[in-house]
Amino acid sequence: MKKVLLVGLPNSGKSLLFNRLTGLKHRVANFPGVTVEVSSGKILDHPNLELVDFPGIYSLNPVTRDEEVALLQLEHALQEADTEALICVIDSTRLSRSLFLALQLLRLCQERSKNLIILANMSDELEANNTPLAAEKLQEFLGVPFLPISARTGAGLAELKTSLGNLLKHGPASPPRKEFPSEKEKLQNLAKKLAEDYGPKSDVLLKSQNRIDRVVLSSFWGGLLFLFSMLVLFQSIFTWAKPIMDLIDGGISTLANQIVHYLPPGIAVDFLQDAFFGGIGAFLVFIPQIFILTLLIGFLEDSGYLARVAVICHRPLGYFGLSGKSFVAMLSGFACAIPGIMATRTIESPRRRLLTMMAIPLLTCSARLPVYGLLIAALIPAKTFLGGLLGLQGLVFFALYLLGIFASLLVAGFLSKTLLRKKEDAPFILEMPPYRFPHWKTLFRNALNRSWLFVSNAGWMIFTVTLVVWILGYFPHGSGHLESSWLAYLGHAIEPVVRPLGLDWKYGVAILSSFLAREVFVGTLGTLFGIEKASDHLETLSTRLQHSGLSLSAGLALLVFYAIALQCFSTLAVMKRETGSWKIPVQVFIAYGLLAYLFAWIVFQISS
Amino acid sequence: MTLWDLPENQSAAIRSFGPSLNDRQRKRLEDIGFRIGETILCFKRTPFQSPRLYRSEESVFSLTREIAEQILLEAKAPA
């Protein structure tokens, strides 16, 4: 298979173009450094061509370790015989710096006898601001195809596909041996002159961005906007998702009751009712919350606002040893710790990166949502204020998010002043991306992908654990005899550990089963209460919890335990990959587990 | 004068870099347009010593005090 390499500045729209050309759905956002790994896919219409997307680079002179790795991979790919061409994606709105990289790549392609195509992305923004780019003049000067495109609108992609088709038909032909200076400084000056002579007027492009920045970054309005956007984000997870969650919950109950009604009583019906609908169904109810959270984070990221938030937060986060860029990684961590930990690669300072990585698992990720949602619905009354705009359950949810944030900051602050005090540091430099109105289709697709990934990743684990729990809880006496089941025998053995938290053996089993992935907790409890109740009618799990005698203080202890404990094997595995050994993930797992138990015990003792 | 001292909405050319900048940091600054002789505009000064916004060529960057203080500017010609 022949290869085409995709290279460009960070935040130049490479990944959006990659998705357009391959039909794949990689994550894109309006923030530098979103692509952190090399990925590849077949080009639609040209199945014999493989497109390889590289993380963004500023130049061929690496500064960070990740840039070094990316450039090394690029160098290897260029040496491969089946590499046909390199596509350099440049941002037309930042032409001078983009052309500097393009010129460096042009020289590299000349040395390696590879074709180069330059794509001037964001042509739609130039059109909207009526400040064009002289593409033909630049093509003439550089001696390689120079195509204005918009990965966002799809403009110019047909011409690109024709160019790629010609490339396949006629085979590689090295770019013309036009002489360009080899010194970095001369190349930079040439890029600057080309941008001035043939590029758009940067004053025009920056005018609206600057106007918005004066408000967004002002100490009063900027602070107010930040607090408002965070409040909306966290309130929406509970308040806005509620009607859809109720709809799914009702749908699952109706479906379960219908199916059970037409089947003869027996083990199959018991399994469907207790484990399938009671366990997995209870977990599926929380998908709307995950969807809404991902959608809103995507909106903030794509609008360009998150980079401003990183600036606003840099100083306060600095007190805890973190960086403004940590905020962006941490916000991703609210959806899932895994992309959050991977996003720490944009943090240049190894020390701040490690601190951020260790802080992220304490934030309220989407896997905690089912657990919180269930316990809040069971324990906190559904009171509303301000005409239904604010709800007590939503506020408790917000408080749990705050708990996660404070815990992560305190841990980072403690570590930065003790164990990680002397580690190497690097300063904070961040480019302000232009403000853009987010593309709704991309946002929805990203949110759907993330939700589906969540279901597909956790689904099999929840199903397996639910099945094991159901078998152990159902036998030897069947439904309605949970107390004399094999599971009860095992559960009573671990009960002394959870008894100080005010919990009985059933919660002990649910906690134990959720150490692989915390969302398993909901499925396990759903199955356990399903077997215990042996009812013909499926109740919601929160109702069953209310009837189970779970006290408010024990429920609060449980919430605190889940807020701190690191119950996610995938997070530990990613942490191991990013730090290079199991040492840190294992230490973090043990430390957070002990802290979770200690604080849960304190909360139970105080509240009861 | 250093870049950190530059008042809002004023610009000046870079004269040299301070000794505390290491090679990598200097390389990154040069890549993003903070080169000797280039004119930089202080676009926004933020309160509480937060990172400030500077315009270099066609982009706006946020720099912290520790790095902006290592970018030394040409003295302004007397009016």
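Coordinates for the structure precede this section.
A quick note: this is a predicted structure, and the numbers were derived from the prediction, not measured. (Residues numbered from 1 in each chain as written. Chains lettered and ligands numbered in written order. Predicted model: local features only at pLDDT ≥ 70, side-chain atom pairs only at ≥ 80, totals over all residues. Heavy atoms only, no water.)

**Q** Before we go on, may I ask you to explain the overall build of chain A in this structure?
**A** Regarding its fold elements, chain A presents 26 helices and 9 strands. In terms of overall dimensions, chain A is globule-like: its C-alpha atoms have a radius of gyration of 27 Å, near the 25 Å expected for 608 residues. Its C-alpha atoms put chain A at 85 × 55 × 50 Å along the principal axes. Classification of the 608 residues of chain A by burial places 58% in the buried group. In chain A, the share of contacts with a sequence separation of at least 24, taken over all contacts with a separation of at least 6, comes to 75%. In the form shown here, chain A has an accessible surface area of approximately 25100 Å², with 64% of it arising from carbon and sulfur atoms. In chain A, which carries 53 positive and 44 negative side-chain charges, the distance between the mean positions of the two groups comes to 5 Å. (Helix = DSSP H or I, 4+ residues; strand = E, 2+ residues; numbered from the N terminus. Rg over C-alpha atoms; globule rule 2.2 N^0.38 Å. Buried < 20%, exposed > 50% of the residue type's maximum accessible area, 1.4 Å probe, protein only. Contact = heavy atoms within 4.5 Å. Areas by Shrake-Rupley, 256 points an atom, 1.4 Å probe, with all protein chains shown as cover. Lys, Arg positive; Asp, Glu negative; His and termini not counted. Charge placed at Lys NZ, Arg CZ, Asp CG, Glu CD.)

**Q** What is the right way to look at the pairing of strand S3 (residues 52–56) of chain B in this model?
**A** Both faces of the sheet carry side chains from a regular strand, because those side chains alternate between them. Residue and element names in this part refer to chain B. Of all 5 residues in S3, 5 are buried, a share of seventy percent or more. Covered by surrounding structure in S3 are Arg52, Tyr54 and Ser56 together with Leu53 and Arg55, the residues of both alternating faces. With 4 bridges connecting them, strand S2 (residues 39–44) and S3 associate as antiparallel partners. Residue pairing across strands places Leu41 opposite Arg55, the latter belonging to S3. (Pairing = 2+ DSSP bridges.)

**Q** Help me out: how do you make sense of the packing of aromatic side chains in this one?
**A** The relation between two aromatic rings is expressed through the spacing of the ring centres and the mutual angle of the planes. Residue and element names in this part refer to chain A. Tallied over the entire structure, the rule returns 16 aromatic pairs over all chains. Residues Trp440 and Phe444 carry aromatic rings whose centres are separated by 6.2 Å and whose planes lie at 50° to one another, so their mutual orientation is tilted. In this pair, Trp440 and Phe444 are both assigned in helix H19 (residues 440–474), 4 residues apart and thus about one turn of the helix distant. A centroid spacing of 5.8 Å and a plane angle of 75° characterise the contact between Phe561 and Tyr562, whose relative ring orientation is edge-to-face. Tyr562 carries the same exposure label as Phe561, and that label is buried. (Phe/Tyr/Trp six-rings, centres within 6.5 Å; stacked < 30°, edge-to-face > 60°.)

**Q** Help me understand the interface of chain A and chain B in this model?
**A** How large an interface is tends to be reported as the accessible area lost when its parts come together. Each side of the interface is counted separately: chain A has 39 residues, and chain B has 33 residues. The largest share of the area that chain A buries against chain B comes from Val63(A), Arg214(A) and Ile429(A), three residues that together contribute 20% of it. The tally of links between chain A and chain B comes to 6 salt bridges. For Lys184(A), the salt bridge identified is with Asp31(B), shortest N-O distance 3.4 Å. At the junction of chain A and chain B, the tally comes to 19 residue pairs in polar contact (both at pLDDT 80 or more). Breaking the side of chain A that touches chain B down by element, the ones donating at least two residues are helix H2 (65–79), helix H3 (95–112), helix H7 (184–198), helix H8 (202–216), helix H13 (305–318) and strand S9 (429–431) of chain A. If you tally residues by element for the side of chain A that touches chain B, the top one is H8(A), at 7 residues. (Buried area = accessible area lost by both parts, 1.4 Å probe. Salt bridge = Lys/Arg side-chain N within 4 Å of Asp/Glu carboxyl O. Polar contact = N/O pair within 3.5 Å; in protein donor to acceptor, adjacent residues only side chain to side chain.)

**Q** What's the story with helix H16 (residues 350–359) of chain A in this structure? I'm lost.
**A** Residues three or four positions apart in an α-helix share a direction because the helix packs 3.6 residues into each turn. The buried count for H16(A) comes to 9 of 10 residues, which makes it a mostly enclosed element. Arg351(A), Arg352(A), Arg353(A), Leu354(A), Leu355(A), Thr356(A), Met357(A), Met358(A) and Ala359(A) are the residues of H16(A) that are buried.

**Q** Can you help me understand the sheet that holds strand S3 (residues 46–53) of chain A in this one?
**A** Within a beta sheet, neighbouring strands are joined by backbone hydrogen bonds and run either parallel or antiparallel to one another. Residues and elements named next belong to chain A. If you trace the 6 strands from one edge of the open sheet to the other, you get S2-S3-S1-S4-S5-S6, paired in mixed fashion. Edge strands, defined here as strands with exactly one partner in the open sheet, are strand S2 (39–43) and strand S6 (146–148). Across this sheet, the average inter-strand angle for adjacent strands is 25°, counted without regard to direction. This element, H2, spans strand S1 (2–8) and strand S4 (83–91) of the sheet and lies at about 150° to S1. (Axes fitted to C-alpha atoms, helices over the stretch in contact; angles between N-to-C directions.)

**Q** Please explain the sheet that holds S2(B) as it appears in this structure.
**A** Overall, antiparallel pairing links the 6 strands, which are arranged S9(A)-S4(B)-S3(B)-S2(B)-S1(B)-S5(B) in an open sheet. Edge strands, defined here as strands with exactly one partner in the open sheet, are S9 of chain A together with strand S5 (71–73) of chain B. When strand polarity is set aside, the average angle formed by the axes of neighbouring strands in this sheet is 45°. Bridge count between S9(A) and strand S4 (residues 59–63) of chain B: 3 bridges; the pairing is antiparallel. The residue bridging Glu431(A) from the neighbouring strand is Phe61(B), located in S4(B). Relative to the sheet, H8(A) contacts S2, S3 and S4 of chain B, its axis offset from that of S2(B) by approximately 30°.

**Q** Would you mind going over a nonpolar patch on the surface with me for this structure?
**A** Residue and element names in this part refer to chain A. There is a patch of nonpolar side chains on the surface, built from Leu512, Phe515, Leu516, Phe569, Trp582, Val586, Phe589, Ile590 and Leu594 and spanning about 850 Å² of accessible area. Along the polypeptide, Leu594 turns up in helix H26 (residues 583–607). Overall, Leu594 belongs to the exposed group, its relative accessible area being 59%. (Patch = residues over 30% accessible without salt bridge, like charges linked within 9 Å, V, L, I, M, F, W, Y side chains within 5 Å.)

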